[in-house]
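Reading the structure
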Amino acid sequence: MTAPDLSAHAPLRIGVVGLGRLGKRHAQNLAYRVRGAALAAVCSPLDEELAWARGALPAAREYRDYAALLDDREIDAVWLVTPSALHAQQIVDALRAGKHVFCEKPLSLDLAECERVLREAQRQPHLQATIGFMRRFDPSYRDAYDKIQAGLIGRPFMVRSQTCDQNDPDGFFVRFAPTSGGIFLDCTVHDIDVARWLLGKPNAKRVYAAGTVALHDGLREFGDVDNGVAICEFEHGRLAMFYASRTMAHGNDTGSEVIGTAGSLAVGRNPRLNRVEIADVHGVRNECTPTFFDRFEDAFLYEAQAFVAAVQSGEQSGATLADALEATRIGNALRRSLETGQAVTL
Ligand SMILES: NC(=O)c1ccc[n+]([C@@H]2O[C@H](COP(=O)([O-])OP(=O)(O)OC[C@H]3O[C@@H](n4cnc5c(N)ncnc54)[C@H](O)[C@@H]3O)[C@@H](O)[C@H]2O)c1
């Protein structure tokens, strides 16, 4: 992909909303690494996050209140990195205020809320709105996509995909569990989007999911698990198998495999940190990427660059709101299947 010439456009003035674990990373990318972007404002209800912004970012207007940021007429786009349960309403409010929207995944935990966002976006077709399925911008996933489009593996009919985090003994995600939507909407939602993207956007017909609590008993009260597996049957004989885990010993082990009628492609089968191979008394091995951010740092940057280019060109880039709605529909069905022990027909 050649980057469009952005020098002809005024910088896109962006307000980043939410400066937690991931919001800080997005804000730094937008401030220092994305041509054509200007970090104009930040928003957080927390003093310590605003203090962090003062030290780590170029001067930006500060807001504690999202509604006040939306009233700022010198902001063109909002960048939502807030808890998932807030996304839908915040997107609707941003569109009504005339702002372009980048929002982290998932679009919403609730299907009716997703539909409400799509209706609002249809009323504002001049505004860009996308959801942060950043794997679409990872160079290896992108290369696999291009090779599939070129027919390298024939007709792709199956995806095996996993999102597996290193175990965090402090259980950060257990505190996150009341608002995350559970392992399938929080983690597998990425694999769902990857599967639909690589298989040509099929609709899902039926899903089955199962899970277990291997280490983190605190998840039980939220009906969540720390390891989950699922099968998804799509229309036209396409299939996906998903695995999500919060308990890997070795690091973030995230990857996908696509199987076609004339071959297969695998992305990230060995989740290696770098190209160093260690040979010692334990054998031959490599170190693993510790976190999702170490694995997808470039993808987050390229996704931000692509959003700015999309606003300048008026052409959609990345996952559409409709893609994100489908991911929530399937993620919700997986959750229902986990709860009931039954296959769910969509
Ligand atoms: N793409 C990925 O792989 C990926 C990875 C991690 C997180 N995420 C998504 O990013 C989002 C944030 O996750 P996180 O890990 O950074 O969470 P976090 O809890 O660390 O951060 C959430 C932030 O939102 C702020 N906030 C809360 N209520 C707010 C409000 N009403 N207005 C403005 N700000 C508010 C908090 O102060 C905090 O800064 C989630 O939706 C999550 O699903 C995506």
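Definitions and limits used
- The numbering scheme is per chain: residues are counted from 1 as the chain's sequence reads.
- Local features in this predicted model are restricted to residues of pLDDT 70 or higher, and side-chain atom pairs are both shown and tallied only at a pLDDT of 80 or more, whereas totals for entire chains, interfaces and linings draw on every residue.
- Heavy atoms throughout the structure, all of them, feed into the side-chain values; hydrogens and water do not.
- Any Lys or Arg side-chain nitrogen located within 4 Å of an Asp or Glu carboxyl oxygen qualifies as a salt bridge.
- Categorising residues by exposure relies on relative accessible area from a 1.4 Å probe, with only protein chains included: less than 20% of the type maximum marks a residue as buried, more than 50% marks it as exposed, and the intermediate range marks it as partly exposed.
- Every helix listed is a DSSP run of H or I at least four residues long, and every strand listed is a run of E at least two residues long, numbered separately from the N terminus.
- Taken from the helix axis, the directions to the C-beta atoms give the arc we talk about.
- Residue contacts are counted whenever heavy atoms from the two residues lie within 4.5 Å of one another.
- Residue ranges assigned to the domains are those given by an automatic or database domain assignment.
- Accessible area, probed at 1.4 Å, shrinks when two parts are joined; the buried area is that loss added up over both.
- Nearness of a residue to a molecule or strand requires only that one of the residue's heavy atoms be within 4 Å of it.
- By the criterion applied in these results, polar contacts are pairs of N or O atoms within 3.5 Å in which, for protein atoms, one can donate a hydrogen and the other can accept it, and in which residues neighboring in sequence qualify only through two side-chain atoms.
- In this classification, the charged set is Asp, Glu, Lys and Arg, the nonpolar set is Ala, Val, Leu, Ile, Met, Phe, Trp, Tyr, Cys and Pro, and all remaining amino acids, among them Gly, are polar.
- Any pair of Phe, Tyr and Trp rings, taking the six-membered ring for Trp, is counted once the centres come within 6.5 Å. Such a pair is stacked with planes under 30 degrees apart, edge-to-face with planes over 60 apart, and tilted for the rest.
- Distance and angle both matter: a charge sits over a ring if NZ of Lys or CZ of Arg is within 6 Å of the ring centre and within 35 degrees of the ring normal.
- UniProt positions are given in the numbering used here, feature names are shortened, and annotations may be inferred rather than shown by experiment.
- His is not counted, nor are the chain ends, whereas Lys and Arg count as positive and Asp and Glu as negative.

1. Things to note about the pattern of salt bridges
Applying the stated criterion to the full structure yields 25 salt bridges. Of the charged contacts in the structure, one is a salt bridge between Arg285 and Asp280, with a shortest N-O distance of 2.7 Å. Taking relative accessible area as the criterion, Arg285 reaches 34% and is therefore assigned partly exposed. Owing to a relative accessible area of 34%, Asp280 belongs among the partly exposed residues under this scheme. The closest approach of N and O atoms between Glu339 and Arg335, which form a salt bridge, is 3.2 Å. Of this pair, Glu339 and Arg335 both sit in helix 10 (residues 321–340), four residues apart, which is roughly one turn of that helix. Within this structure, Arg136, Asp193, Arg196, Lys201 and Asp323 form a network of salt bridges that share partners.

2. Some points on helix 2 (residues 47–56)
Every buried residue of helix 2 is accounted for by Glu49, Leu50 and Ala53. The buried residues of helix 2 all sit within an arc of 100° when viewed along its axis, so they share a single face. Within helix 2, the exposed residues directed more than 90 degrees away from the buried face are Glu48, Arg54 and Gly55. Residues of helix 2 that are buried sit in contact with helix 1 (23–32), strand 2 (37–43) and strand 3 (61–63).

3. Comments concerning the domain arrangement of the protein
Domain parsing of the protein yields domain 1 (12–135 + 300–318) and domain 2 (138–295 + 327–345). For domain 1 versus domain 2, the distance between C-alpha centres works out to 25 Å. Residue-level contacts link 19 residues of domain 1 with 26 residues of domain 2. For the pairing of domain 1 and domain 2, the buried interface totals around 1,900 Å² over both sides, and the portion due to carbon and sulfur atoms is 65%. In terms of surface lost to domain 2, no three residues of domain 1 exceed Leu109, Phe133 and Arg135, which account for 41% of the buried area on that side.

4. Things to note about the site of the ligand
Inspection of the region around the ligand gives 27 residues, with Leu19, Arg21, Glu49, Ser84 and His87 positioned closest. One of the backbone nitrogen or oxygen atoms of Leu19 is found 2.8 Å away from an oxygen atom of the ligand. Backbone polar atom of Gly20 to an oxygen atom of the ligand: 2.9 Å apart, as the coordinates give it. Every element with two or more residues in the shell around the ligand is listed here: helix 4 (87–96), helix 8 (183–198) and helix 9 (292–313). Classifying every residue of the shell around the ligand gives 13 nonpolar, nine polar and five charged. Each of domain 1 (12–135 + 300–318) and domain 2 (138–295 + 327–345) contributes no fewer than three residues to the shell around the ligand.

5. Some thoughts on the packing of aromatic side chains
In the structure shown here, the tally under the stated rule is eight aromatic pairs. When the ring of Phe102 is compared with that of Phe307, the centres are 6.1 Å apart and the planes differ by 80°; the resulting orientation is edge-to-face. Placement of Phe102 in strand 5 (residues 100–104) and of Phe307 in helix 9 is noted, with a sequence separation of 205 residues between them. Exposure class is identical for Phe102 and Phe307. Each is buried. Seen from their ring centres, Phe292 and Phe300 are 6.1 Å apart, and the 70° between their planes marks the pair as edge-to-face. The class for Phe292 is partly exposed, based on a relative accessible area of 22%. A residue is classified by how much of its surface remains accessible, and Phe300, at 2% relative accessible area, is buried. Through successive ring pairs, a cluster of aromatic residues spans Trp79, Phe102 and Phe307. The aromatic ring of Trp52 is capped on one face by Lys24, whose charged end is 5.5 Å from the ring centroid. Over the face of the ring belonging to Phe296 we find Arg295, whose NZ or CZ atom lies 4.3 Å from the ring centre.

6. What to know about the UniProt feature "domain: GFO/IDH/MocA-like oxidoreductase" (unreviewed entry) in the protein
Per the UniProt record, "domain: GFO/IDH/MocA-like oxidoreductase" (unreviewed entry) is found at residues 141–265. The annotated region residues 141–265 carries 27% helix and 38% strand content, and the separation between its end C-alpha atoms amounts to 10 Å.

7. Description of the side chain of Asp226
You can see Asp226 is positioned in the loop between strand 8 (204–212) and strand 9 (227–234). For the buried Asp226, no salt bridge exists, and the shortest N-O distance to an oppositely charged side chain is 7.6 Å, to Arg220. Not counting residues up to four positions away in its chain, the partners in contact with Asp226 are Ile183, Thr212, Val213, Ala214, Leu215, His216, Leu219, Ala244, Ser245, Arg246 and Thr247.

8. Here's the deal with the side chain of Ser44
By the element assignment, Ser44 lies in the loop between strand 2 and helix 2. Within the local environment of Ser44, its side chain forms a polar contact with the backbone nitrogen of Leu46, the two atoms lying 3.0 Å apart. In this structure, Ser44 is in contact with Leu19, Glu49, Leu50, Tyr63 and Arg64, ignoring residues within four places of it in sequence.

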